[in-house]
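Spelled out from the first residue to the last, the chains are:
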Amino acid sequence: MPLKIIKIVDNSNQTFSISPSVTRLFYEVPETINGVSTHKIEVNDFLNDSGEVVENLPVLNLNNNYFNVFINGVLQMDDNFAYTAGEQGIGSLIISIPEDSEIPAGTSVIVEIVNFYPKAED
């Protein structure tokens, strides 16, 4: 039998829209952090795009989100971070500092959170 392309046939007229919500958070390391250690950044230690103190970290939409962490402007590997959404006393970013690594005082840490909100159109 000859090869053929198998396709999914969809005769519906359903359309979808996807609205992203982007949140950027900024933090400056107060003193040098040497690895192997962890550094916890509490929600109220972050500033938003307007320079205001952040009151809560956004919840990540299940299967419709991602977050990136930049240290000194460089995108970092995902397994070095634990993000917890929430308000003061709950929300935080934990950075795991690998062996032979350090984050110097004054270094910027930027967290970019993107949530997508898919919606079926009528």
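Here the structure is shown first, and the text comes after it.
So, here is what we can say about the structure in this document. Throughout, residues of each chain are indexed from 1 in the direction in which the sequence is written. Two thresholds apply to this predicted model, a pLDDT of at least 70 for residue-level local features and 80 or more for giving and counting side-chain atom pairs, whereas whole-chain, interface and lining totals are computed over all residues. Note: side-chain values were computed over all heavy atoms of the structure, leaving out hydrogens and water.

### Digging into the sheet that holds strand β7 (residues 81-84)
Pairing is antiparallel in the open sheet, where three strands are placed in the order β3-β9-β7. A strand with exactly one partner marks an edge of an open sheet, and here the two such strands are β3 (37-42) and β7. Pairwise comparison of adjacent strand axes, ignoring direction, gives a mean angle of 15 degrees for this sheet. Two strands pair under a simple rule: DSSP has to find at least two bridges between them. The helix count covers DSSP runs of H or I at least four residues long, the strand count covers runs of E at least two residues long, and both are numbered beginning at the N terminus. Pairing of β3 with strand β9 (residues 92-97), which is carried by six bridges, proceeds in the antiparallel orientation. In the sheet register, Lys40 faces β9, and the bridge partner there is Ile94. Every axis in this analysis is a line fitted to C-alpha atoms, fitted for helices over the stretch in contact. Angles between the N-to-C directions lie between 0 and 180 degrees.

### Focus: the sheet that holds strand β6 (residues 74-75)
With respect to topology, four strands assemble into an open sheet ordered β1-β11-β5-β6, the strand pairing being antiparallel. Looking at strand neighbours, the two that pair on one side only are β1 (15-28) and β6, the edges of this open sheet. Examined bridge by bridge, strand β5 (residues 65-71) and β6 share two bridges and lie antiparallel to one another. For Ile71, the partnering residue across the bridge sits in β6 and is Val74.

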